[in-house]
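# Examining the three-dimensional arrangement
One letter stands for each residue in the lines below.
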Amino acid sequence: QAITAFDDVHRLYPNQAFARDSWLEVARSLASLDRLLEAAAFYEKLAVWYPQSAEAEQALWEASMIYYKRGRPADAARLLGLLHQDFPSSSILRRTTFWEGKSLMARGDVAEAKNVLNLVAANRRFDYYSLRAQRVLTDTSNEPQVWPKAASVNLTVPADVAHAERADARLGTDDEAE
């Protein structure tokens, strides 16, 4: 009944801020009842009706994650694409770009997914989503990955004992003298 009442508020007062909030409450209520696809539909309606609101950004994110987790990666990728289009300066842009890549991968668009994930991986080399994107790219490719120079470590070992002894002699160390 509460869900119907909140939906009625929007129908009666569509231009009021509390109408937008009512749909957000409907979506949250449905999600708490594990009626996730219905919740996603309300999140999506909110984003369509109020595209420039802060709630729209959050609604697109919530709906896309519901779709992704419910095995609908095409819908998730579509909404994440809208989020990037409508909110290019979003504080969650790196997160949403990563998940757009994962959604594209899940729907089978591997080439486009790799393009998107490479954007995430190349931008900031050592943040959470960059590392996750690098991992996904490594797991889905036989091609060697280019890692940042800061992460490169020279792990070469002398080829044989004679080489090690020559290196010691150049350094002026001698195990027998000790």
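Here goes a summary of the coordinates provided. If you're wondering where the values come from, they're calculated on a predicted model, not measured in any experiment.

Attention now goes to the packing of aromatic side chains. The relative placement of two aromatic rings is captured by the distance of their centres and the angle of their planes. The final tally for this structure, using the stated rule, is six aromatic pairs. Ring centres of tryptophan 23 and phenylalanine 42 lie 6.3 Å apart, and the angle between their planes is 75°; this geometry places the pair in the edge-to-face category. Of the two residues, tryptophan 23 sits in helix H2 (residues 17-32) while phenylalanine 42 sits in helix H3 (residues 36-49), which places them 19 residues apart along the sequence. For the pair tryptophan 23 and phenylalanine 42, a shared accessibility class is recorded, and that class is buried.

Once that is clear, we can look at unusual backbone geometry. The phi dihedral of aspartate 34 is positive, around 65°, even though this residue is not glycine. Tracing the sequence through the fold places aspartate 34 in the loop between H2 and H3. Residue aspartate 34 is classed as exposed on the basis of its relative accessible area of 54%.

Helix H6 (residues 93-106) packs onto helix H4 (residues 54-69) with a crossing angle of 30° between their chain directions and a minimal axis gap of 11 Å. It follows that H4 is roughly parallel to H6 by the angle criterion. Crossing angle aside, the handedness with which H4 passes H6 is left-handed. Residue-level inspection shows Trp61, Met65 and Tyr68 of H4 in contact with H6, the latter providing Arg95, Thr96, Trp99, Lys102, Ser103 and Ala106. Residue classes in the contact of H4 with H6 are distributed as five nonpolar, two polar and two charged.

Definitions and limits used
Residues numbered from 1 in each chain as written. Predicted model: local features only at pLDDT ≥ 70, side-chain atom pairs only at ≥ 80, totals over all residues. Heavy atoms only, no water. Phe/Tyr/Trp six-rings, centres within 6.5 Å; stacked < 30°, edge-to-face > 60°. Helix = DSSP H or I, 4+ residues; strand = E, 2+ residues; numbered from the N terminus. Buried < 20%, exposed > 50% of the residue type's maximum accessible area, 1.4 Å probe, protein only. Axes fitted to C-alpha atoms, helices over the stretch in contact; angles between N-to-C directions. Parallel < 35°, antiparallel > 145°, perpendicular 65-115°, else oblique. Left-handed = near helix turned anticlockwise from the far one by under 90°. Contact = heavy atoms within 4.5 Å. Nonpolar A, V, L, I, M, F, W, Y, C, P; charged D, E, K, R; others polar.

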